[in-house]
Amino acid sequence: SILTRGFGGGDGGGEDDGGDDNGGAVGRIGAAGNRLVALDAAAGGGTTLITRGTVEGGLAAIDAVTESGQAFNLTNEGTIRNRSGASADLAIQAVGGPVDILNNGTLLGTIRLDAGIVAPELEPEPEPEPEPEPEPEEPQRELRVAARDAFVIAEVPDIEASHRFTNAGVWNSIGGVNVFGGVDDVLINVAGGRLIGGTSAAAAETTSYSGLETLTNRGTITMVDGGIGDIVQTSGDASFAAGSVLAVDAGGSGSDRFVAGGVTTIEAGARLQVSNPQPAVLGTRYTVLESAGGVTGSFTFADQLLSNFLGYRQGRTDTTIFIELAKLRAFAAAGATPNQIAVGTALDAQAVTDPLAAAVLLLPTDAAAQAAFDGLSGEIHPSLRTAMIEDSRLPRNAVLERLDARTGGAMWGQMFGNWGDSDGANGTADLDRETIGGVLGADFAVGESAMIGVAGSYLETDVDIRARSSSAKLKSWHVLGYAGVEFGGAALKVGGGYASASIDTDRSVAFPGIGQRLVASYDGSVLHGFADLGYRLPLGGGHVEPFAQIVAIRVATDAFTETGGSAAVAGAKTDENATLSTLGARFSTATSGAFSVGGTVGWQHGFGDLTPATTMRFATGPGFVVIGTPRSRDAGVATIDGRLRLSDAAQITVSYDGVIGSAGQDHSIKAGLRIAF
């Protein structure tokens, strides 16, 4: 214990630097110094004690009693702690006058200023050896050992004082109550200082500063220990200076908190740091600061992303500062293509608790989000209309080949197999198609220069968009009517057709939190017409026929609704128009023999918008437009066929029909039979 009296002079029980200019005493206790020391201070001076190394004690490491309202100044350059080593136990007690403590080292335990404690009963001590009578001293030099040993404070005058604690080191008083009994007490945690409020993840710990009028933080107050529920509380006002830090844990069902009984002022540049030892709950507000007298200002806290979209943001009320787990970034911001942006925008309109939005919230990167948006888009649905337009070429070209004979009155048929692909563009994926089918027709001569006929066709197409884990089966039944007429060397060919289609789609959507197989069945239709004008020029027993052709196509798909999970989309009924022109030439060798060869070469051009689009929506949220795989703007077309005449009435044909365009290609192998009557 330390007992100081204001009667002048003094010496320390450790290393003593002697009195100061005011008659005060400066005592230094090293690591090997005694815990118990008595110092006398001159009137008006007070006592300054500097500790280095480790100072510890059973009831308190330092217990200072000053008389006559003398000041007690303590500077810690080492470690001060209770012998128990517990942060909740008393480390420093000082009573009697104003106390000024500067901690430059480590303080483990609580402090009690202007508050007494009751000493434990002491073990009996052996009788000391008799000592010679000391020389008489002046009464003011008497050392009050009895008061010191028994921690008696009743003799201390009732003097109002204010205390100051400056922390430039580390102070851990977790689990205890620090008592400030002065009139206007101040705790300053300077830059570099650390007030510790949490060390055990397994326990919710509380650190209290009772009776403290002002707490100023310029350093760090930290409760980060891997657990939630720690509290640092002060009874008075608090302030956080620029550059200071409040560090807390938050997550699960709660958070660490700083609690002030007065007003809290947060200067610009004061920082809040949040660690997440437990999974955060979406939509939960985690209060990190409470101030009964109100809060002025906010912490510097950059939105803290836990995923690509989800994270913590700071908020406040009149008396609290909180962080909340919320969506910090729009889904659409991660999109890079029209479909990704459209899907992201639709998801942005959903509640964050919706299964789709909740899953997307947790995606870690833009790339992961883009892959999810592509899978969610349902891109195969508009792309099917591209496939339907391309497939309509097969029965139409079969009819045109029949009209090329310019003689009516026959039954004819053709079987074909086609494989094709359409290149993705503007973020859409490649579309692969495989088609098998056939056509049967019959026509009649009208006079000597005209013919009319009808034909029916069935096509079955497998559509695959591998990059979107999507496929479809497309079955269509076609009816066509056609006519041809000759004017000398010129020939006009016209026709039209209608097809009814059944569509079955199957796609998979898979990303963290979502794994679903989605299916849909719906109908569609194709309406198309064509006109072809050519002029035949004899050439070497055969002929060449330059021609111009125009084709108009209208494709429609009915509304549909997928089933299979929360990622299912519903699509609106949609029409698609296409106009194609072809300029080219047909040729044929002489047909007088049993075998002949013919073919076509040309250039095809597509007009208007070549990209299909469908308006779709999820179970919740607004509609969004998804585009599909486009068609080629320009393409080269070619056919080559070999014809074998079996008799005057029968002929078989084997041919190739191809289209190679700017956005895809198609290749067909066909076999046909014609029987004239």
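The preceding data block contains the structure.
Residues numbered from 1 in each chain as written. Predicted model: local features only at pLDDT ≥ 70, side-chain atom pairs only at ≥ 80, totals over all residues. Heavy atoms only, no water.

Here we take up the environment of Thr557. Positionally, Thr557 belongs in strand 40 (residues 542-557). Each C-alpha atom of the pair Thr557 and Ala501 lies 8.7 Å from the other, and the pair is 56 residues apart in sequence. Within the local environment of Thr557, its side chain forms a polar contact with the side chain of Arg385, the two groups lying 3.0 Å apart. (Helix = DSSP H or I, 4+ residues; strand = E, 2+ residues; numbered from the N terminus. Polar contact = N/O pair within 3.5 Å; in protein donor to acceptor, adjacent residues only side chain to side chain.)

As a further point, take the side chain of Lys670. In this structure, Lys670 sits in strand 49 (residues 664-676). Note on Lys670: relative accessible area 2%, which makes it buried. Looking at Lys670, its side chain comes within polar contact range of the side chain of Asp657, at 3.3 Å. Beyond its immediate chain neighbours, meaning those up to four positions away, Lys670 contacts Asn397, Glu401, Gln414, Met415, Phe416, Thr653, Val654, Ser655 and Asp657. (Buried < 20%, exposed > 50% of the residue type's maximum accessible area, 1.4 Å probe, protein only. Contact = heavy atoms within 4.5 Å.)

This paragraph deals with the packing of aromatic side chains. Scanning the model with the defined rule gives 11 aromatic pairs in all. Arranged with centres 5.2 Å apart and planes meeting at 80 degrees, the rings of Phe240 and Phe258 form a pair that is edge-to-face. One end of the pair, Phe240, is in strand 22 (residues 237-240); the other, Phe258, is in strand 25 (residues 257-260), and 18 residues separate them in sequence. For Phe240, a relative accessible area of 0% gives the class buried. (Phe/Tyr/Trp six-rings, centres within 6.5 Å; stacked < 30°, edge-to-face > 60°.)

The next thing to look at is the pairing of strand 12 (residues 110-113). Strand direction decides the pairing type here: strand 9 (residues 90-95) and strand 12, joined by four bridges, are parallel. What sits directly across from Leu90, in strand 12, is Thr110. Of the strand pairs in this sheet, strand 12 and strand 15 (residues 177-180) are connected by two bridges, and their pairing is parallel. Paired with Arg112 across the two strands is Val179, which belongs to strand 15. (Pairing = 2+ DSSP bridges.)

In this section: the pattern of salt bridges. Scanning the model with the defined rule gives 32 salt bridges in all. In this structure, Asp443 engages Arg402 in a salt bridge whose closest nitrogen and oxygen atoms are separated by 2.7 Å. With Asp443 in strand 34 (residues 431-446) and Arg402 in helix 6 (residues 393-403), this pair connects stretches of sequence that are 41 residues apart. Exposure remark for Arg402: the relative accessible area of 6% places this residue in the buried category. Arg466 is paired through a salt bridge with Asp464; the nearest N and O atoms lie 3.5 Å apart. Judged by relative accessible area, Arg466 falls into the exposed class, the value being 58%. Classification of Asp464 as partly exposed rests on a relative accessible area of 23%. Among the ionic contacts, a cluster of salt bridges with common partners joins Asp404, Arg406, Glu486, Lys493, Asp532, Arg536, Glu545 and Arg586. (Salt bridge = Lys/Arg side-chain N within 4 Å of Asp/Glu carboxyl O.)

It is worth spelling out the packing of helix 2 (residues 338-348) against helix 4 (residues 366-376) at this point. Two numbers describe a pair of packed helices, the interaxial angle and the distance between the axes. Between helix 2 and helix 4, whose axes approach to 9 Å, the crossing angle comes to 90 degrees. By the criterion of interaxial angle, the relationship of helix 2 to helix 4 is roughly perpendicular. Residue-level inspection shows Gln340, Val343, Gly344 and Leu347 of helix 2 in contact with helix 4, the latter providing Gln370, Phe373, Asp374 and Leu376. Its residues assigned to classes, the contact of helix 2 with helix 4 shows four nonpolar, three polar and one charged. (Axes fitted to C-alpha atoms, helices over the stretch in contact; angles between N-to-C directions. Parallel < 35°, antiparallel > 145°, perpendicular 65-115°, else oblique. Nonpolar A, V, L, I, M, F, W, Y, C, P; charged D, E, K, R; others polar.)

Further remarks concern the environment of Gly58. With respect to the element layout, Gly58 can be found in the loop between strand 5 (54-57) and strand 6 (62-66). Separated by 32 residues in the primary sequence, Gly58 and Leu90 place their C-alpha atoms 9.0 Å from one another. Non-local contacts of Gly58, meaning those with residues more than four positions away in its chain, are made with Asn82 and Arg83.

As a further point, take helix 5 (residues 380-391). Two residues of an α-helix separated by three or four positions point the same way, owing to the 3.6 residues in each turn. Taking 1.5 Å of rise per residue, the 12 residues of helix 5 would be expected to cover 16 Å, and the 16 Å separating its terminal C-alpha atoms lies within 8% of that figure. Burial analysis of helix 5 places 12 of its 12 residues in the buried class, the great majority of the element. (Expected span 1.5 Å × (residues − 1).)

Let us look at unusual backbone geometry. One non-glycine residue with positive phi stands out, namely Asn426, at about 60 degrees. Turning to its location among the elements, Asn426 is positioned in the loop between strand 33 (410-422) and strand 34. For Asn426, a relative accessible area of 54% gives the class exposed. Positive phi, close to 50 degrees, is recorded for Ser469, a residue that is not glycine. The topology assignment puts Ser469 in the loop between strand 35 (450-465) and strand 36 (470-487). Residue Ser469 is classed as partly exposed on the basis of its relative accessible area, which comes to 44%.

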